[in-house]
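# Coordinate inspection notes
Okay, here's what each chain looks like letter by letter:
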There are 2 protein chains.
Amino acid sequence: LIDHLGIVGVGLIGASIGRAARERGLARRVTGVGRSKQSLDQALALGAIDSATTVIDADLADADFLVVATPISKVVDAVARSREVLSTSSVVTDAASTKAGILRDLAHRASENESAPFVGSHPMAGSHRQGPSASDPNLFEGRTCIITPDASTPASAVERVRRFWTSLGMRVVEMSAEEHDERIARISHLPHLASYALALSAEERDTPLAGPGFRDTTRLAASPAALWAEIVRENRSAVLDALARYIQNVDELRRLIVSEAWGELEKRLTDANRRLDCRDSED
Amino acid sequence: LIDHLGIVGVGLIGASIGRAARERGLARRVTGVGRSKQSLDQALALGAIDSATTVIDADLADADFLVVATPISKVVDAVARSREVLSTSSVVTDAASTKAGILRDLAHRASENESAPFVGSHPMAGSHRQGPSASDPNLFEGRTCIITPDASTPASAVERVRRFWTSLGMRVVEMSAEEHDERIARISHLPHLASYALALSAEERDTPLAGPGFRDTTRLAASPAALWAEIVRENRSAVLDALARYIQNVDELRRLIVSEAWGELEKRLTDANRRLDCRDSED
């Protein structure tokens, strides 16, 4: 049980964490830090947090667990600032979609003083909608959370972070920040870009005709543009690798169609069918 | 009301049509034509059809409405054969995902004798699953059906086909076969190929990590390879146009990332957001 949970950033993810933690009796008290009064009020009204503040300060000093759930560009500052106010017995984690850059930047900021340990997390759950009003206390249920400790992370901190996400219903997987970024580029960042490009390839007059296939494949293209430009920027090199591989695959299908190699085309589509056999079955 | 409905092909679509028509009291009697005894037995057991046969023959002579719901490569033969046995007061339609090639091939086969009129249809509903066991009497509810009559199609036949799909709960839209093929290439055939390529770009060990975004964007890649190779073959030139446009869009995103043009990237992603604003809202 957490006595005092701090959540920096009360958007979709932060507010969902607060609601999930409170509904499950996981935290005795939750303080939310946000920039906008409107989001904080919504988070309070939804019961995601018990008290609200706009700055990371003494109010959070006794938080024994703190999650930074801001947009990526604010994570490093928020984590560094939190570690200045928290006691060393606390633990800090985040919820950002990229990991290596954050760890690298935090390492550069490490002060001489001992501070609360940080463990990088990426709870793989979300929505194309934004803000506390889109929050859902069951958002994390049955989903995967990747945590990315390194050799210097205290085992007890890793264990507490693991237990936190598990308590929200998640399956926790551990890997290095670099491996995380590379794999997530392929299965999350690339699908977003592919989906944005699909939406751009349709004509406006076509979309009212679209069936469930179009709807599913372009759902991600409704995701916030600013947020995704930032994620791609942060994970640029892994995203470019994944994109290069994707363009190669699309172009291979195109060449088979150009050359009317129908047997070969069917074989590649069958490969794709098989590639999915081992995915999480959940329909 | 249809007195005798014929359905050639009792897979997912054919069996769903039979079940929908019977549940809605739309047809007094339904005969199913199939190649496999197993599918016919399943269709009978599910109540999709009242009687089963493996050939298009005298059993169907008095059918007043007939739907061909076979794979594309069999549609032209099945339609032509049906028109030989049906009376001229009957109407024939199909359910294939491409239209221009079918109409062209049928025109080449037109006999001297008058025969039942044909109206091309594409009910835009489906599943990545196959066979009568995957059928669903509500498959068509709320979906769009495109019909593609031409100048020579009798107005009364168009009206009967329109009424048929409307009775299954569909919204019916009329356009030329060529326009259909071009627009459907962009919003259905292209999303399938993009989805197959995404599945091919993931590594097997990645897929268990995948979240709902990956699941949605690769759902279509679980579609039957043989069926989709055939659809692409049938609509080759429109599919190649759509693919060329898609590759251009993906490559533009890639170039913006390579050149670190983050503001431009965000602008393109915002364009994609907007492109979806006018789609059928149904969540």
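Note that the structure is a prediction, hence the values are computed from the model and not measured.

## Describing the interface of chain A and chain B
Listed per partner, the contact involves 82 residues of chain A and 82 residues of chain B. Buried area between chain A and chain B, both sides added, is near 8,300 Å², and the carbon and sulfur share of it is 63%. Inspection of the region where chain A meets chain B yields 14 salt bridges. Along the contact surface separating chain A from chain B lie 33 residue pairs in polar contact (both at pLDDT 80 or more). Of all the elements in the fold, those that place two or more residues in the side of chain A that touches chain B are β8 (144–147), β9 (171–174), α6 (177–201), α7 (212–218), α8 (225–234), α9 (236–258) and α10 (262–275) of chain A. Here the side of chain A that touches chain B takes 16 residues from α6 of chain A, the largest share from any one element. Partitioning the side of chain A that touches chain B into residue classes produces 43 nonpolar, 12 polar and 27 charged.

## Regarding the side chain of Thr70 of chain A
Residues and elements named next belong to chain A. Within the element layout of this structure, Thr70 appears in the loop between β4 (65–68) and α3 (72–85). The buried category is assigned to Thr70, whose relative accessible area is 16%. Polar contacts involving the side chain of Thr70 include one to the main-chain amide nitrogen of Val75, which spans 3.5 Å. Among all residues touching Thr70, those that are not within four sequence positions of it are Val8, Gly9, Val75 and Ala78.

## Things to note about the packing of helix α3 (residues 72–85) of chain B against helix α4 (residues 100–109) of chain B
All names here are of chain B. Following both chains from N to C, one finds α3 and α4 inclined at 40°, their axes separated by 10 Å at the closest point. Looking at the two axes, α3 sits oblique to α4. For the pair α3 and α4, the sense of crossing is right-handed. The segment α3 lies against α4, with Val75, Val76, Asp77, Val79 and Ala80 engaging Ile102, Asp105, Leu106 and Arg109.

## What about the sheet that holds strand β9 (residues 171–174) of chain B?
Residues and elements named next belong to chain B. One open sheet accounts for three strands, arranged β7-β8-β9; its pairing is mixed. Pairing within the sheet leaves two strands with one partner each, and these edge strands are β7 (121–123) and β9. Taken over all neighbouring pairs, the strand axes of this sheet differ in orientation by 20° on average, direction set aside. Here β7 pairs with strand β8 (residues 144–147) via three bridges, running antiparallel. The residue bridging His122 from the neighbouring strand is Ile146, located in β8.

## Considerations on the side chain of Ser223 of chain A
Residue position: Ser223 of chain A is located in the loop between α7 and α8. A relative accessible area of 2% means that Ser223 of chain A is categorised as buried. Discounting residues that sit within four places of it in the chain, Ser223 of chain A has contacts with His128, His192, Tyr196 and Trp228 of chain A together with Asn273 of chain B.

## Details of the relation of the copies chain A and chain B
The transform that puts chain A on chain B rotates by 180° and translates by 0.0 Å along the axis, for an RMSD of 0.0 Å. Such a combination of turn and shift is consistent with a two-fold rotation axis. Closest approach to the rotation axis among the C-alpha atoms of chain A is made by Thr217 of chain A, whose C-alpha sits 2.2 Å away. A share of 99% of interface residues in chain A that are also interface residues in chain B marks the association as one of identical surfaces.

## Some thoughts on the sheet that holds β8 of chain A
Strand pairs in the sheet, formed through backbone hydrogen bonds, run parallel or antiparallel to each other. Residue and element names in this part refer to chain A. The strand order across the open sheet built from three strands is β7-β8-β9, with neighbouring strands paired in mixed fashion. In this open sheet, the two strands that pair with only one neighbour each are β7 (121–123) and β9. Neighbour to neighbour, the strand axes of the sheet diverge by 20° on average, direction disregarded.

## Regarding the confidence of the model for chain A
Counting all residues, the mean pLDDT for chain A is 93, and 97% of those residues have values of 70 or more. Across the predicted assembly, pTM comes out at 0.83 and ipTM at 0.84.

## Topic: unusual backbone geometry
Even without being a glycine, Glu260 of chain A presents a positive backbone phi close to 55°. Given a relative accessible area of 46%, Glu260 of chain A falls into the partly exposed group.

## Considerations on the environment of Arg268 of chain B
With respect to the helices and strands, the residue Arg268 of chain B is situated in helix α10 (residues 262–275). When the C-alpha positions of Arg268 of chain B and Leu256 of chain B are compared, they lie 9.5 Å apart, and in sequence the two are 12 residues distant. Each residue touching Arg268 of chain B, except ones within four places of it in the same chain, is listed here: Leu200 of chain A together with Asn249, Glu252, Leu253 and Leu256 of chain B. Polar side-chain contacts of Arg268 of chain B include one of 2.9 Å to the side chain of Asp271 of chain B.

## Digging into the packing of aromatic side chains
All names here are of chain B. Evaluated as defined, the whole model comprises seven aromatic pairs over all chains. On the basis of an interplanar angle of 25° and a centroid distance of 4.4 Å, the ring pair of Phe65 and Phe164 is categorised as stacked. With Phe65 in strand β4 (residues 65–68) and Phe164 in helix α5 (residues 155–167), the pair connects residues that are 99 residues apart, well separated along the chain. The exposure class of Phe65 is buried, given its relative accessible area of 3%. Owing to a relative accessible area of 3%, Phe164 belongs among the buried residues under this scheme. Taking 6.2 Å as the distance between ring centres and 55° as the angle between the ring planes, the aromatic pair formed by Phe140 and Trp165 counts as tilted. Here Phe140, found in the loop between β7 and β8, pairs with Trp165, found in helix α5; they are 25 residues apart in sequence, far enough to count as distant. Each of the two residues, Phe140 as well as Trp165, counts as buried.

Scoring rules and cut-offs
- Residues numbered from 1 in each chain as written.
- Chains lettered and ligands numbered in written order.
- Predicted model: local features only at pLDDT ≥ 70, side-chain atom pairs only at ≥ 80, totals over all residues.
- Heavy atoms only, no water.
- Contact = heavy atoms within 4.5 Å.
- Buried area = accessible area lost by both parts, 1.4 Å probe.
- Salt bridge = Lys/Arg side-chain N within 4 Å of Asp/Glu carboxyl O.
- Polar contact = N/O pair within 3.5 Å; in protein donor to acceptor, adjacent residues only side chain to side chain.
- Helix = DSSP H or I, 4+ residues; strand = E, 2+ residues; numbered from the N terminus.
- Nonpolar A, V, L, I, M, F, W, Y, C, P; charged D, E, K, R; others polar.
- Buried < 20%, exposed > 50% of the residue type's maximum accessible area, 1.4 Å probe, protein only.
- Axes fitted to C-alpha atoms, helices over the stretch in contact; angles between N-to-C directions.
- Parallel < 35°, antiparallel > 145°, perpendicular 65-115°, else oblique.
- Left-handed = near helix turned anticlockwise from the far one by under 90°.
- Pairing = 2+ DSSP bridges.
- Least-squares fit on C-alpha atoms with pLDDT ≥ 70 in both.
- pLDDT = per-residue confidence, 0-100.
- Phe/Tyr/Trp six-rings, centres within 6.5 Å; stacked < 30°, edge-to-face > 60°.

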